[in-house]
Amino acid sequence: MNLFDAIKQMRELSRQNVPFGFSFMSYNETAQKSNGIIEVRRARLRARTQAVHHRNAEIVEEYIDLDTGEARRFYQPLLMSLNGQKVEP
């Protein structure tokens, strides 16, 4: 599945209140380092960040980890899988 189809599917599932699992490569822009692959078992997307709050808002997706209740984010280009399907850039 390509990246844009995966993001579209994540948005649609979230709109329907259906949780999904996904994985992505972590990246801390401030520290310029990664802590490896992050796997999220159950999540839903949240409203996107506005450009005034994050300089890369157009490529950042906000989500809530339904297992931990934490609000998190990931960079779209670093998405690796959605519901067990590999995501291609």
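Here, the structure is the one placed above.
Residues numbered from 1 in each chain as written. Predicted model: local features only at pLDDT ≥ 70, side-chain atom pairs only at ≥ 80, totals over all residues. Heavy atoms only, no water.

1. Here we look at the nonpolar core
Worth spelling out the cut-off: What is meant by a nonpolar core is a set of buried Ala, Val, Leu, Ile, Met, Phe, Trp, Tyr and Cys residues, joined one to another through side-chain atoms within 4.5 Å. Three exposure classes are used, based on accessible area relative to the maximum for each residue type with a 1.4 Å probe and protein chains only: buried under 20%, partly exposed in between, and exposed over 50%. What counts as a helix is a DSSP run of H or I of at least four residues, what counts as a strand is a run of E of at least two, and both are numbered from the N terminus. Contact criterion: two residues are considered in contact whenever any of their non-hydrogen atoms come within 4.5 Å of each other.
Grouped together as the largest cluster of nonpolar side chains are 16 residues, with contacts concentrated most on M10, F20, F22, Y63, F74, L79 and L82. Elements that contribute at least two residues to this core include exactly α1 (3-15), β1 (20-25), β2 (37-45) and β5 (79-82). In terms of residue count, the dominant contributor to this core is α1 (five residues). The residues touching L82, leaving out its near neighbours within four places in the chain, are M1, A6, Q9, M10, F20, G21, F22 and V87.

2. Digging into the pattern of salt bridges
Short version of the rule: Just to be clear on terms, a salt bridge is a Lys or Arg side-chain nitrogen sitting within 4 Å of an Asp or Glu carboxyl oxygen.
Under the counting rule described, the total for this entry stands at seven salt bridges. Among the ionic pairs, R42 bridges to D67, the shortest N-O distance being 2.9 Å. Of this pair, R42 sits in strand β2 while D67 sits in the loop between β3 (60-65) and β4 (71-75), and the two are 25 residues apart along the sequence. One salt bridge in this structure joins E62 and R46, with 2.5 Å as the shortest N-O distance. Residue E62 is found in strand β3, and its partner R46 is found in the loop between β2 and β3; the two are separated by 16 residues along the sequence. In the salt-bridge network here, residues are joined through shared partners; they are R41, R42 and D67.

3. Details of the sheet that holds strand β6 (residues 85-86)
Stated formally: Strands are treated as partners if at least two bridges between them are detected by DSSP. Helix axes use the C-alpha atoms of the stretch in contact, all axes being lines fitted to C-alpha atoms, and the angles between their N-to-C directions lie in the range 0 to 180 degrees.
Spatially, the six strands line up as an open sheet ordered β4-β3-β2-β1-β5-β6, and their pairing is antiparallel. On the outer flanks of this sheet lie β4 and β6, each paired with one strand and no other. The pairing of β3 with β4 spans five bridges and is antiparallel. Bridge pairing in β4 links E61 to F74. Contacting β1, β2, β3, β4 and β5, α1 crosses the sheet at an angle of about 55 degrees to β5.

4. Focus: the side chain of S26
As for its position among the elements, S26 is in the loop between β1 and β2. Residues in contact with S26, not counting those within four places in the same chain, are S34, N35, G36 and I38.

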